Amino acid sequence: MAVTDLNLNFVLPALGVVAATGVAYFIATAYRHRSHINQWHKQGFPMLAGWSWLAGHTLVLLRYSSRFPPLANVALVLQAMLEEYPESEMFLIDLWPAMPPVIVNCNPDVAMLVSQKYNLPKSSTVEQAIEPIVGGPSILTMNGSDWKTWRSRFNPGFSAASLMGHVPYIVDRVQVFCEKLQASVGRDIISLDDFATRLTFEIIMKVSLDSDIDYQCGEHPLSTSLNTITRWHSFWDPRVLLHPLRPFIQWYHGNIIKNYIRKELEQRFSELKAERLESETVAKKANSVIALALEAYISESEDKRILERPRLNDEFAETVSHQIRLFLLAGNDTTASTIVFMYHLLSKHPEARVPLRAEHDAIFGKDISNAATLLKQQPALLNQCRYTLAVIKETLRMYPPAPTMRQGLPGYSITTLDGVSLPTEHVRIMTNTWAVQKNPRLWVRPEEFLPERWLANSGDELYPIPGAYRPFDLGPRVCLGQTLSLNELRVVLIMTARSFKLEPAYEEWDSMQAKNAGLWTKVTTWIGGKEIDTVKGDRAFQTEVAGSHPSDGYPCRVSLAV
Ligand code: HEM
């Protein structure tokens, strides 16, 4: 018998046994998993209708999703599903093997239990999902003492007082944003999303890495890599997740980001050492993420000769790199997409521009060019702009950019609106911020843009119910960048609302796209019909792109305000 025959005789059956064992293991695990779900259903867990032993709820989600534009954020699909469960205000969704079982909730009392009273741990599902972007555990996904340590290291840089120190820089960058809008008046369609993302990236680079970059007028390697990774990212979409090129592209760009940040860290460490060794006096108070991390590295070290070490400890540098990547992610897209949706709502509600502009006239004077100087001299003037803040809050109510997901624990239970008590062990609980913030049980005229609700007194029907407004989540894990982001948004509105009018140009954009479409797209559109491209009639719907960016980058036209 030839050697190759012998090999084949041995290898083929062995492979067969391995494959059969794998399949048997998968079937046994699937059976065990679905049995649990079936049992929970019998115990009274509110289940999304249409569950099957074979596919769980995967086909139900796909069926629902087909009523939405292909790029719509899955949170919008879940929000629509929740509207069909007003009696429980939650349901269990089983998307195994893509995801462990999740309770999707829109009851603020349950959200308060989960995030505030119990403060359940962050779910590992989120850490795994953002690992290609962030590189590893970060303040967003850490739990227990690791999280506490990092949160207390960063807290001082994000106090209201410390953040006021960034306002002059924000004003300077918004000035460039205004110049770009001015140059676009009466010209071609612009992508407001691109304009806004470039602005917020400059600001988060300053706050995270203490870097001054000019990304509004050029490119930047960090941003190119970050954008590429997020374009190839999805929390759930199998078209993205199963793409064979995705791991390689994300790995390649992840390395570019990692090396860039490591270089910055070593550079800042050298500068800090030089400062410390030259002068006995304590350096100026750190307020960037990188400086806060290095201060902690030095002050908490037991190594007396830390300032003589040529390089940072690798493990520490790796963790800080994850933290900085998280800040670049969390602090950029969320604020940028909120800028766009603020303008979108103002374009649909021009009546709101009147009190907005009147407030800016009253606080900064009628000469529009004074606002920048005054804001730099007295950043606290931001706090007087109550209507401006009301517009921002109402935008974040209608277009929140991010949900929260927590891991249930033994001994902790939640109760559905109709009184069924559910143990949380073995399930994740996702608060669907979209559905909570438009829940008709809690909000008067939930689908209407009413900045007035944020100026209403208690007792007024518009006065918001505590806990029902949670775009930044609430409790100990509330968004660390909340005040920074509100400062950015206020500066943007103050410096632009009296000068410019921004109007969406989707119709023009769509007809341009149709005209320039390739033959294949034309044929598939002719056969299959036009894809759905609105959510509840809104062409500027939130997409899956990190931070829920608006569809097609929000094409718009800029004119001067009259
Ligand atoms: C409109 C703007 C923003 C919104 C709506 C927003 C929303 C959120 C939400 C919902 C969470 C909780 C996420 C979860 O539980 O998984 C969160 C956490 C966080 N956000 Fe933001 N965010 C915004 C801007 C920012 C900015 C500008 C920064 C950075 C400077 C930032 C940094 C963080 C961090 C570090 C956490 C984790 C906090 C912790 O777990 O201790 N965010 N944000």
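Residues numbered from 1 in each chain as written. Predicted model: local features only at pLDDT ≥ 70, side-chain atom pairs only at ≥ 80, totals over all residues. Heavy atoms only, no water.

The name an unreviewed UniProt entry gives the chain is Cytochrome P450, with Hyaloscypha variabilis as the organism. Among the UniProt annotations of the chain, the heading Cofactor (unreviewed entry) holds the following wording: "heme". You can read under Pathway (unreviewed entry) in the UniProt record for the chain the words "Secondary metabolite biosynthesis." (UniProt positions renumbered as here; feature names shortened; annotations may be inferred.)

Draft legend 1. Layout of the packing of helix H8 (residues 167-184) against helix H9 (residues 192-209). Two elements in contact, H8 and H9, have axes separated by 10 Å at closest approach and are oriented at 160°. Considered as vectors, H8 and H9 are oriented roughly antiparallel to each other. Helix-helix and strand crossings are classified by hand; for H8 and H9 the assignment is right-handed. Packed against H8, whose contacting residues are Tyr 169, Ile 170, Arg 173, Val 174, Phe 177, Lys 180, Leu 181 and Ser 184, the element H9 presents Leu 192, Phe 195, Ala 196, Arg 198, Leu 199, Glu 202, Ile 203 and Lys 206 at the interface. (Axes fitted to C-alpha atoms, helices over the stretch in contact; angles between N-to-C directions. Helix = DSSP H or I, 4+ residues; strand = E, 2+ residues; numbered from the N terminus. Parallel < 35°, antiparallel > 145°, perpendicular 65-115°, else oblique. Left-handed = near helix turned anticlockwise from the far one by under 90°. Contact = heavy atoms within 4.5 Å.)

Draft legend 2. Representation of the pattern of salt bridges. All told, the structure shown has 31 salt bridges when counted by the stated rule. Glu 83 is the partner of Lys 536 in a salt bridge, and the nearest nitrogen-oxygen pair spans 3.0 Å. With Lys 536 in the loop between helix H22 (519-528) and strand E9 (555-560) and Glu 83 in the loop between helix H3 (74-82) and strand E1 (90-93), this residue pair connects regions lying 453 residues apart in the sequence. Here Arg 453 ties to Glu 394 by a salt bridge, and the two come within 3.0 Å at their closest N and O atoms. Of this pair, Arg 453 sits in the loop between helix H19 (433-436) and helix H20 (482-496) while Glu 394 sits in helix H18 (residues 386-398), and the two are 59 residues apart along the sequence. Both residues of the pair, Arg 453 and Glu 394, count as buried. One network of salt bridges, in which partners are shared, links Lys 206, Asp 210, Asp 212, Arg 268 and Glu 271. (Salt bridge = Lys/Arg side-chain N within 4 Å of Asp/Glu carboxyl O. Buried < 20%, exposed > 50% of the residue type's maximum accessible area, 1.4 Å probe, protein only.)

Draft legend 3. Seen up close, the nonpolar core. Within the largest apolar cluster, 107 residues are counted, with the highest numbers of intra-cluster contacts made by Phe 154, Leu 192, Phe 201 and Val 491. Beyond its immediate stretch of four places on either side in the chain, Leu 192 contacts Phe 177, Val 340, Tyr 343, Leu 502, Gly 553, Tyr 554 and Cys 556. Counting residues in each nonpolar core, the second largest holds 31 residues, with Met 99, Val 102, Trp 236 and Phe 541 among its members. (Core = buried A, V, L, I, M, F, W, Y, C linked by side-chain atoms within 4.5 Å.)

Draft legend 4. Fine view of the site of the ligand. Inspection of the region around the ligand gives 29 residues, with Trp 147, Arg 151, Thr 404, Arg 477 and Cys 479 positioned closest. Contact distances for the ligand include 2.6 Å between an oxygen atom and a side-chain N or O atom of Thr 404. Every element with two or more residues in the shell around the ligand is listed here: helix H6 (144-154), helix H14 (314-330), helix H15 (333-348) and H20. (Near = heavy atom within 4 Å. Polar contact = N/O pair within 3.5 Å; in protein donor to acceptor, adjacent residues only side chain to side chain.)

Draft legend 5. Representation of H18 within the structure. An ideal rise of 1.5 Å per residue puts 18 Å on 13 residues; H18 measures up with 18 Å between its terminal C-alpha atoms. Of all 13 residues making up H18, ten are buried, and the element is well covered by its neighbours. All of the buried residues in H18 are Tyr 387, Thr 388, Ala 390, Val 391, Ile 392, Glu 394, Thr 395, Leu 396, Arg 397 and Met 398. Where the residues of H18 are buried, they touch H15, helix H16 (353-364) and H20. (Expected span 1.5 Å × (residues − 1).)

Draft legend 6. Up close: the UniProt feature "transmembrane region" (unreviewed entry) in the chain. UniProt's entry tags residues 12-32 with the feature "transmembrane region" (unreviewed entry), counted in the numbering of this structure. Helix makes up 100% of residues 12-32 and strand makes up 0%, while its end C-alpha atoms are separated by 30 Å.

Draft legend 7. Seen up close, the sheet that holds strand E3 (residues 190-191). Ordered by their spatial adjacency, three strands build an open sheet running E3-E9-E8, and the pairing between neighbours is antiparallel. This sheet does not close on itself; its edge strands, each paired only once, are E3 and strand E8 (500-504). (Pairing = 2+ DSSP bridges.)

Draft legend 8. Region of the structure containing the side chain of Asn 38. Structurally, the position occupied by Asn 38 is in helix H1 (residues 3-42). For Asn 38, a relative accessible area of 19% gives the class buried. In this structure Asn 38 touches Trp 51 and Trp 53, once residues within four positions along its chain are discounted.

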